[in-house]
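The primary structure of each chain is shown beneath.
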Amino acid sequence: TKDVLNCVKEADVILDYSELIYYISELVKTKKTNLNKSIILSYTGNRLDKQDLIKIKNNFEKIGVKAEIYSEYATTEIGPIGCSDNKNNNLFENIYDDIAFIEVVDPNTNQPSQNGEIVVTTLNRTGSVYIRYKVEDIGTLSFKNNKTFFLLKERKCGIKIASVFFSPEQVFRIIKRQL
């Protein structure tokens, strides 16, 4: 825990999986110190609920650290797609439009829709490009002042193995390949 505390002392930003951000907050909460600083925590992976976010902020406040928490929206296949604001970790107002083009489609018709399944196109990946890749998450797409916003309403089901999220389809293909 001494190394973790030193990391928090030195860092202005910590980027990691949600579980590790939560774990770090649990490790530092009992330390008798007042760092008197601010830090940005940015996580990807499993969503943290409101109680988790409050607990993380409270744990950091115990050591004198004001934490701003942001959620990164990413997939294993596409990579980073966008970043939330720090007040609503399900509202992604910073879309990495140089990396990904986001659409929302009706899951039944595949036609553009304001509410529905998130679809992503990315052409700048090394090796593979993805065109209209169905992420399978559910969200709402809106536009304001030439800016794209999307609200993540529901994450797809999946399995996390060694900090990597696998969809049921990916697990099926891996098993099928091995049989």
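Now for a description of the structure that goes with this document. The structure displayed is predicted, hence computed values, not measured ones. (Residues numbered from 1 in each chain as written. Predicted model: local features only at pLDDT ≥ 70, side-chain atom pairs only at ≥ 80, totals over all residues. Heavy atoms only, no water.)

The relative placement of two packed helices comes down to the angle between their axes together with the axis-to-axis distance. Contact geometry for helix α2 (residues 18-28) and helix α3 (residues 50-61): axes closest at 8 Å, N-to-C directions at 40°. Between α2 and α3 the crossing geometry is left-handed. Where α2 approaches α3, its residues Ile21, Tyr22, Ile24, Ser25, Glu26 and Val28 are matched on the opposing element by Asp52, Lys55, Ile56, Asn59 and Phe60. (Axes fitted to C-alpha atoms, helices over the stretch in contact; angles between N-to-C directions. Helix = DSSP H or I, 4+ residues; strand = E, 2+ residues; numbered from the N terminus. Left-handed = near helix turned anticlockwise from the far one by under 90°. Contact = heavy atoms within 4.5 Å.)

It is worth spelling out the environment of Asn115 at this point. You can see Asn115 is positioned in strand β7 (residues 115-122). Setting aside residues up to four positions removed in sequence, Asn115 forms contacts with Val104, Val105, Gly139, Thr140 and Lys153. A polar contact is formed between the side chain of Asn115 and the side chain of Thr140, at a distance of 2.6 Å. (Polar contact = N/O pair within 3.5 Å; in protein donor to acceptor, adjacent residues only side chain to side chain.)

This part is about the sheet that holds strand β3 (residues 65-75). Here we have nine strands laid out as an open sheet, ordered β1-β2-β3-β4-β5-β9-β8-β7-β6, and mixed in their pairing. Either end of the sheet is taken by a strand with one partner, and the two such strands are β1 (13-17) and β6 (101-105). Averaged over neighbouring strand pairs, the angle between their axes works out to 45° when direction is ignored. Relative to β3, strand β2 (residues 37-44) runs parallel, the two sharing seven bridges. Residue pairing for β3: Ser38 is matched across the bridge by Lys66. Against the sheet, α2 contacts β1 and β2, and its axis sits at roughly 125° relative to β1. Taken strand by strand, α3 contacts β2 and β3, and its axis lies near 140° from that of β3. (Pairing = 2+ DSSP bridges.)

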